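What follows is the residue order along each chain.
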Amino acid sequence: MKYQIYVIILLVTFDLTGGVINLDDEEFFGEMADRYNWPNHPCRRICSYNDVPRHCFYTLVIEEFSSMSKACHNCPFNVTDCFRPHCMPTDGKQKPLYVVNRQLPGPLIEVCINDIIVVDVRNRMLSESTVIHWHGFKQRGTPYMDGVAYVNQCPILPGTDFRYTFRASDPGTFFYHSHIGYQRADGLFGPIVVNKMINEDRMANLYDNDDLYIMIHDWSHKTGDVGAVEQFYVTASVAPTTMLINGLGRFQQFQSADGKMFYSPVAVFNVSQGVRYRIRLINSGAEDCPMKMSVDSHSLLVISMDSNDIEPVEVDAITTWSGERVDFILNANQRPDNYWIRVSGYGVCSNTSAHQVAILRYYGAPFEDPMGVVGYDLPQNNKERILNPYNVGVEVKSKENVYLPDLKSMDPNDHSLRKYVDQQIYIKLDFYNIDNYDFARKDLYGFNQVPYSRWMGTFQLNHISLKLPPVPLMSQWNMLEPNDFCNAENPPKRVDCMDETLQCACTHVISLRLNSVVELIFVNGDSQGNEFIAAHPMHLHGHFFRVVAIENLEGNVTVEQVKQLDREGKIKRILDRAPIKDTIKAPSGGYTVVRLFADNPGYWLFHCHFEQHSNIGMALIFKVGEHEEFPKVPYKFPRCGNYLPRAM
């Protein structure tokens, strides 16, 4: 169905979209993107061997904007106004936003495998810098395009442009988002789909339509930076208020002048009875808010995770962490009606009972809300089959639930699944009750100098807070000194990095030998006995990895305890067709074991995908290979850094 529609569109509009539009005409292109979300782009096509890879040009205009702006006129009282150009109603509340082409989410980028994606990012914000990360893309041969400030590039300054150019080397579901500050939290994200060649889709016989995607996002009525300041300097109890589904949601009712009650509109997904839909679920959330999604009266056949196919598994609900993507097939085999799509949050979102709904609407059904109660604390179905249930590994077996290590990849075994590895690296995820120079400054308002309600611990990896250098590692590494770097094996010779009661902050880099098999063991426990231990979604740039073990030990756990379990043979590694991912949870009070083949030279960020945690240093950088093995710096690549001339 999808391809027949696109063939007609391309025949009619190829000359217009491919040749007439001036990509330097910012006003015109922004208007086109707003209206059409690029449905007629020549790169949205049947992916055929007869078609050579194309250069796919896009422009992303980054602006500061507002939800419920004057562009929304009389929304939500006139629902038509809610869908005017440039209106972003979100959940009906006004809030400053960061947006792409005045859309939330930003426009879909859809290409074929091996196409070259060329994106001109135009920063039209007044005072904010930005970068765009292409989440899930390995950037093989193009590490300078990964979009992490001071790792791969300089920030894109206000009023300037940056052209990203990279190959869509892997098929699947991806997304783009800002990788500076809290811009992703406030709307700067959008979906990407890379389609396979038509004869290479192993799941093609399972679905009829591939037009739908669902982006779920935790949402606060405070802006991300305001929430962060409050979290770190005022109270540690800040949490998202609600959620958005494809940029829409309901939070409260609004009363019009004549006394009528209205909700802001929710996302509606139209389906035809008897059609099987491949739906691409993307968790673009920013905070500690893992989300469970389900569709009333429908089962979900999961076929892919993080852009990698698995043996299909049928479930009733899917739990995802920030950064994860799950493709599933929904068979529209129920009677034509309206059905709730439900999303509810865990983690700190359980403190605010954050939840959201959208509508699955069959053609022919009335334009009305589905039946059924909407809320957070609804009766639980004990027989509900959940993929990736919250904060467990494989230690709590249930015949209903499906656990990540039990999934089987559709790809054959590779180097990473051999018995012995070249490097084994333990990474301790911890939450320390220590003074922090940034927000718990010693002798002024240190950790123990304020009331318990204002305690804010420090998230670290291997007891180090990542501090990025003043220049990008990829392009200007030769401006740094060896002692500018550190890791747990080579800590700086400073008292703050030799005393675990103090905060160690430095440019945390771990070297991996090129073409080596590396096993990473994330140990997520609290050596100081805190009651709070978060489950963290850990995301690796530049590589996929195999998930070979996950277990929650339900309590404080140390690296030595996990090492002892391994010596005793109590860590069961799945080394046959283990699932392939780039983002994986580290359960609180437990461990996760992943394997990767380090074959992509460059500097690659590894971090918690909760923005608040990553921004305060819960991250490190893997250096894969040596500098002489890196791709060459692009011609006239932007440079930046400190300016400290000698005093006159």
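An account of the accompanying structure is given in this report. (Residues numbered from 1 in each chain as written. Predicted model: local features only at pLDDT ≥ 70, side-chain atom pairs only at ≥ 80, totals over all residues. Heavy atoms only, no water.)

1. Examining the side chain of Asp-201
Okay, so step 1: Locating Asp-201 in the fold gives a position in the loop between strand 8 (189-195) and strand 9 (209-219).
Okay, so step 2: Residue Asp-201 is classed as buried on the basis of its relative accessible area of 17%.
Okay, so step 3: Side chain to side chain, Asp-201 and Tyr-207 meet in a polar contact 2.3 Å long.
Okay, so step 4: Not counting residues within four places of it along the chain, the set of residues in contact with Asp-201 comprises Lys-196, Tyr-207 and Arg-278. (Helix = DSSP H or I, 4+ residues; strand = E, 2+ residues; numbered from the N terminus. Buried < 20%, exposed > 50% of the residue type's maximum accessible area, 1.4 Å probe, protein only. Polar contact = N/O pair within 3.5 Å; in protein donor to acceptor, adjacent residues only side chain to side chain. Contact = heavy atoms within 4.5 Å.)

2. Re the packing of aromatic side chains
Okay, so step 1: Across all of its chains, the model carries 19 aromatic pairs by this definition.
Okay, so step 2: Ring geometry for Phe-232 versus Phe-439: centroids 4.9 Å apart, planes at 20°, classification stacked. Here the residue Phe-232 occupies a position in helix 3 (residues 224-233), and Phe-439 occupies one in the loop between strand 23 (423-432) and strand 24 (458-461), the gap between them amounting to 207 residues. Comparing Phe-232 with Phe-439, the two get one shared label, buried.
Okay, so step 3: A cation sits over an aromatic face here: Arg-250 above Tyr-263, 4.1 Å from the ring centre. (Phe/Tyr/Trp six-rings, centres within 6.5 Å; stacked < 30°, edge-to-face > 60°. Lys NZ or Arg CZ within 6 Å of the ring centre and 35° of its normal.)

3. So, the pairing of strand 32 (residues 583-586)
Okay, so step 1: Neither face of strand 32 is exposed, since Thr-583 and Lys-585 on one face and Ile-584 and Ala-586 on the opposite face are all buried.
Okay, so step 2: For strand 29 (residues 536-540) and strand 32, the ladder comprises 4 bridges, and the chain directions are antiparallel. The partner of Pro-537 across the bridge, within strand 32, is Lys-585. (Pairing = 2+ DSSP bridges.)

4. Here's the deal with the side chain of Ser-294
Okay, so step 1: Looking at the element boundaries, Ser-294 is found in strand 15 (residues 291-295).
Okay, so step 2: The residues contacting Ser-294, other than those within four sequence positions of it, are Asp-316, Ala-317, Trp-340, Ile-341, Arg-342 and Glu-384.

5. Re the pairing of strand 15
Okay, so step 1: Most of strand 15 sits inside the fold, with 5 of its 5 residues counted as buried.
Okay, so step 2: What you see with strand 15 is no split at all: Met-291, Met-293 and Val-295 on one side and Lys-292 and Ser-294 on the other are buried throughout.
Okay, so step 3: For strand 15 and strand 18 (residues 317-320), the ladder comprises 4 bridges, and the chain directions are antiparallel. Its bridge partner being in strand 18, Lys-292 is matched across the sheet by Thr-319.
Okay, so step 4: In the sheet, strand 15 pairs with strand 20 (residues 338-345) via 5 bridges, with the strands oriented antiparallel. Its bridge partner being in strand 20, Lys-292 is matched across the sheet by Ser-344.

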